[in-house]
Amino acid sequence: MLAEALEHLVRGVVEHPDDVIVRDKQTRRGPLLEVRVHPDDLGKVIGRSGRTATAFRTVISALAGREGSRIDFVDVDRVR
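What counts and what doesn't
- Residues numbered from 1 in each chain as written.
- Predicted model: local features only at pLDDT ≥ 70, side-chain atom pairs only at ≥ 80, totals over all residues.
- Heavy atoms only, no water.
- Helix = DSSP H or I, 4+ residues; strand = E, 2+ residues; numbered from the N terminus.
- Buried < 20%, exposed > 50% of the residue type's maximum accessible area, 1.4 Å probe, protein only.
- Contact = heavy atoms within 4.5 Å.
- Areas by Shrake-Rupley, 256 points an atom, 1.4 Å probe, with all protein chains shown as cover.
- Lys, Arg positive; Asp, Glu negative; His and termini not counted.
- Charge placed at Lys NZ, Arg CZ, Asp CG, Glu CD.
- Phe/Tyr/Trp six-rings, centres within 6.5 Å; stacked < 30°, edge-to-face > 60°.
- Arc of directions from axis to C-beta.
- pLDDT = per-residue confidence, 0-100.

Novice: Hey, could you run me through the overall build of the chain in this one?
Specialist: When helices and strands are tallied, the chain shows three helices and three strands. Counting helices and strands in the order they occur from the N terminus, the chain gives α-β-β-α-α-β. Of all 80 residues assigned to the chain, the portion counted as buried reaches 32%. Put simply, of all contacts in the chain between residues at least 6 apart along the chain, 61% involve residues at least 24 apart. Put simply, the chain shows about 5,200 Å² of open surface, and 48% of that area lies on carbon and sulfur atoms. Across the chain, the centroid of the 14 positively charged side chains sits 8 Å from that of the 13 negatively charged ones.

So this is what it looks like as structure tokens:
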């Protein structure tokens, strides 16, 4: 549910919504939502001084409740 919500939010901000991929991974540190976007959209997703990324994290942490979830923003050109 969190991955779908985050994907919906990110697609509304970027210019290349078809390139948005959100993966839900389990790591040693807990759940991780990995967001991949087009390289041109990375700045929009992060925002000025990280404000947009912080807003995404705030919304997802409110939805996640106590379990929490980390978010990592990556451009699609980076090695998978």
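Moving on from the model shown.
Novice: What is the right way to read the packing of aromatic side chains from this model?
Specialist: A ring pair, where both rings are aromatic, is described by two values, the distance of the centres and the angle of the planes. Taken as a whole and assessed by the stated rule, the structure comprises one aromatic pair. Aromatic side chains F56 and F73 sit 6.1 Å apart centroid to centroid with 40° between the ring planes, which places their arrangement in the tilted category. Note that F56 is positioned in helix α3 (residues 51-64) and F73 in strand β3 (residues 70-75), a separation of 17 residues in sequence. Among the residues examined, F56 registers a relative accessible area of 6% and is labelled buried. Using a relative accessible area of 12% as the deciding quantity, one classes F73 as buried.

Novice: What exactly am I supposed to notice about helix α1 (residues 2-11) here?
Specialist: For the α-helix, the turn length of 3.6 residues means that residues three or four positions removed from each other point alike. Those residues of α1 lying buried are L2, A3, L6 and V10. Take α1 and look down its axis: the buried residues cluster within an arc of 95°, on one side only. Along α1, exposed side chains directed more than 90 degrees from the buried face belong to E4 and H8. Each element contacted by the buried residues of α1 is listed here: β1 (21-27), β2 (30-37), α2 (42-46), α3 and β3.

Novice: Whenever I open this one, the confidence of the model for the chain confuses me. Can you help?
Specialist: Of all residues in the chain, 94% attain a pLDDT of 70 or more, and the chain-wide mean is 88. Per-element confidence in the chain ranges from a low mean pLDDT of 81 for β3 to a high of 93 for α1.

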